[in-house]
Structure formats: C-alpha cells, structure tokens
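# Residue-level structure breakdown
Chain residues, written in single-letter form:
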Amino acid sequence: MGTDLHELLRSLRVWDPEVTELPPLDPAAAPGEPLELFTRWFAEAVAAGEREPHTMSLATADAEGLPDVRVVMLHGADADGWAFATHADSRKGRHLAARPYAALVFYWPALGRQVRLRGPVAVAPAEEASADLHARSTGALAAALTGRQSAELGSADELARASEAAWERAGREPDAPVPSWTLYRLRPDEVEFFQGEARRRHVRLVYRRTGGGGWDRRLLWP
C-alpha cells in the first residue's frame with residue numbers, strides 16, 4: 001500500500017455495499033421522542049456487527065470558547081440524558097465546569113448512520129458516579145486510580161509505575177474511591193438522526209425540545 005495521502009483517500013469507498021447496508025428511514029413512522037429511536041438504532045448497530053457502537057465523539061469548548069473533541073464511551077441513556085464519565089480535573093472536565101454544554105456524535109458505518117446530540121450537561125450525584133465506576137472492569141478502576149488525566153507526563157516510566165500501583169490497588173481494593181471520577185449527563189435540546197442513502201438522498205430527521213418538554217420533529221436537507 002502506498003503512503004501518498006491523496007492516493008489513499010481516492011482509493012477508499014464510503015458505504016461499500018459488500019459491508020454496508022443502508023436501511024430506509026421513514027420519518028412518518030418515527031417515534032415521538034428521540035430516546036426510543038436511539039435505543040432501536042443502537043440495538044440494530046450491535047446486530048449489524050459494529051465493534052464499538054457505544055463509542056462517541058464528545059465536543060466541548062474551553063473558557064475562551066475554543067473547541068475540542070475526543071472519543072469517549074457511552075455509559076447509558078435515559079430520560080435524564082446520555083451519560084459519560086471522566087475525571088473532573090481532566091481537560092474535558094475543566095471545559096464542562098467552565099461551559100456546561102456539549103455535543104455528541106455516534107457513527108455506525110455498517111448502516112450508514114449518525115446520531116448527533118447537543119445540549120446542557122449536568123453532573124450526576126457522586127454516589128451514582130461511584131456505582132458506575134465500580135460496576136466496570138478492574139482495568140477501568142485501575143485507569144481511574146492512575147488519575148492525572150490530561151496533565152503533562154514526564155516519562156513513560158513514570159506512567160508505568162503509577163499504573164502498576166493502581167492495578168495492584170484495584171485488585172486488592174475493588175471498591176477503592178476515586179473522588180475526581182465524575183459522571184456527566186447530556187440532556188439534549190436537539191437530536192438528529194442521519195440515515196445514508198445510496199443515491200445521496202440522505203434522510204436527516206431532527207428532534208428539537210419544545211418549551212413544554214415535548215419534541216418537535218423536522219426534516220433537514222442533506
């Protein structure tokens with residue numbers, strides 16, 4: 001394989017029919033609220049063989065309004081919002097403290113689908129964050145105990161020593177507290193469902209929260 005970026009880009013296909021199915025989306029048949037459709041699409045992404053359908057891009061902005069984005073893991077979604085977790089003193093934690101508003105996007109190429117959300121972000125109670133962390137794997141706890149996320153690292157050896165100590169403690173103390181570990185919930189004002197279509201007549205169905213707490217549905221040009 002060559003290393004010329006432009007040649008590589010031209011060689012790639014989007015939604016190759018050999019590996020991608022583009023199911024139809026009938027906006028008239030969509031449910032009245034987005035969580036139901038998201039749950040259905042998530043299950044279909046799992047069934048289609050998406051390896052990590054629970055990963056999503058999280059976009060935040062710092063105190064000056066400069067944007068940042070990274071991939072994180074969905075911890076749950078319900079009437080209270082879409083949940084994710086991080087250290088409060090990490091870069092994204094600091095961003096959310098300064099500007100508690102964010103955007104999320106899921107991309108499931110096996111079905112040619114995206115889901116985009118944006119809205120205010122709230123901090124869940126500390127006991128919920130602790131329960132969420134300790135329900136996960138030993139590795140997740142060890143990573144949380146290692147801490148210092150986004151801080152400057154002096155050397156790989158420094159990380160290795162801190163990680164080994166954290167793994168040892170996680171195995172010895174599975175309920176070890178991590179005070180900085182924070183569970184966040186994004187309660188969307190807007191949720192967009194994008195369904196790709198072979199002739200590029202993509203369907204974009206957007207839900208916008210109304211003042212009465214319900215949802216208004218609209219179509220967007222692709």
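Shown above is the structure to which this text applies.
Given the structure is predicted, the values throughout are model-derived calculations rather than measurements.

## Quick word on the side chain of Thr-86
- For Thr-86, the location among the structural elements is in strand S4 (residues 81–87).
- Judged by its relative accessible area of 0%, Thr-86 is buried.
- A distance of 3.3 Å separates a polar atom in the side chain of Thr-86 from a polar atom in the side chain of Lys-92.
- Side-chain polar atoms of Thr-86 contact the side chain of Gln-149, separated by 2.7 Å.
- Not counting residues within four places of it along the chain, the set of residues in contact with Thr-86 comprises Lys-92, Gly-93, Gln-149, Ser-180, Trp-181, Thr-182 and Tyr-184.

## A few points about helix H2 (residues 34–47)
- Given a rise of 1.5 Å per residue, 14 residues ought to cover 20 Å, and the 20 Å separating the end C-alpha atoms of H2 matches this to within 8%.
- Buried within H2 are the following residues: Pro-34, Leu-35, Leu-37, Phe-38, Trp-41 and Ala-45. Taken down its axis, H2 places every buried residue within 160° of arc, on the same side.
- The N-terminus of H2 is capped by Glu-33, whose side-chain oxygen sits 2.9 Å from the backbone nitrogen of Leu-35.
- The positive-phi residue at the C-terminal boundary of H2 is Gly-49, with phi of around 95°.

## Overview of the packing of aromatic side chains
- Within the structure shown, the criterion is met by 11 aromatic pairs.
- Between Trp-15 and Phe-194, the aromatic rings sit 6.4 Å apart at their centres with planes inclined by 45°, giving tilted as the arrangement. Pair noted here: Trp-15 is in the loop between helix H1 (5–11) and H2 and Phe-194 is in strand S8 (residues 190–195), with a separation of 179 residues, a long-range link.
- Trp-15 sits in the buried class, given a relative accessible area of 15%.
- With 5.4 Å between their ring centres and 75° between their planes, Phe-38 and Trp-82 make a pair best called edge-to-face. Here Trp-82 lies in strand S4 and Phe-38 lies in helix H2, a separation of 44 residues in the sequence. In this structure, Phe-38 and Trp-82 share a single accessibility class: buried.
- Seen from the ring of Trp-41, Arg-113 lies directly overhead, with NZ or CZ sitting 4.1 Å from the centre.

## Description of a nonpolar patch on the surface
- Where nonpolar side chains cluster on the molecular surface, the patch consists of Leu-5, Leu-9 and Leu-12 and spans about 340 Å² of accessible area.
- Relative to the assigned elements, Leu-5 resides in helix H1.
- Assessed through its relative accessible area of 55%, Leu-5 is described here as exposed.

## Some remarks on the pairing of strand S7 (residues 181–186)
- Of all six residues in S7, six are buried; the element is thus mostly enclosed.
- Of the two faces of S7, the one holding Trp-181, Leu-183 and Arg-185 and the one holding Thr-182, Tyr-184 and Leu-186 are both buried throughout.
- Two strands pair when backbone bridges link them, and S4 and S7 are joined in this way by six bridges, in the antiparallel orientation. Across the sheet, residue Ala-83 finds its bridge partner in S7, namely Arg-185.

Conventions and cut-offs
- Residues numbered from 1 in each chain as written.
- Predicted model: local features only at pLDDT ≥ 70, side-chain atom pairs only at ≥ 80, totals over all residues.
- Heavy atoms only, no water.
- Helix = DSSP H or I, 4+ residues; strand = E, 2+ residues; numbered from the N terminus.
- Buried < 20%, exposed > 50% of the residue type's maximum accessible area, 1.4 Å probe, protein only.
- Polar contact = N/O pair within 3.5 Å; in protein donor to acceptor, adjacent residues only side chain to side chain.
- Contact = heavy atoms within 4.5 Å.
- Expected span 1.5 Å × (residues − 1).
- Arc of directions from axis to C-beta.
- Phe/Tyr/Trp six-rings, centres within 6.5 Å; stacked < 30°, edge-to-face > 60°.
- Lys NZ or Arg CZ within 6 Å of the ring centre and 35° of its normal.
- Patch = residues over 30% accessible without salt bridge, like charges linked within 9 Å, V, L, I, M, F, W, Y side chains within 5 Å.
- Areas by Shrake-Rupley, 256 points an atom, 1.4 Å probe, with all protein chains shown as cover.
- Salt bridge = Lys/Arg side-chain N within 4 Å of Asp/Glu carboxyl O.
- Pairing = 2+ DSSP bridges.

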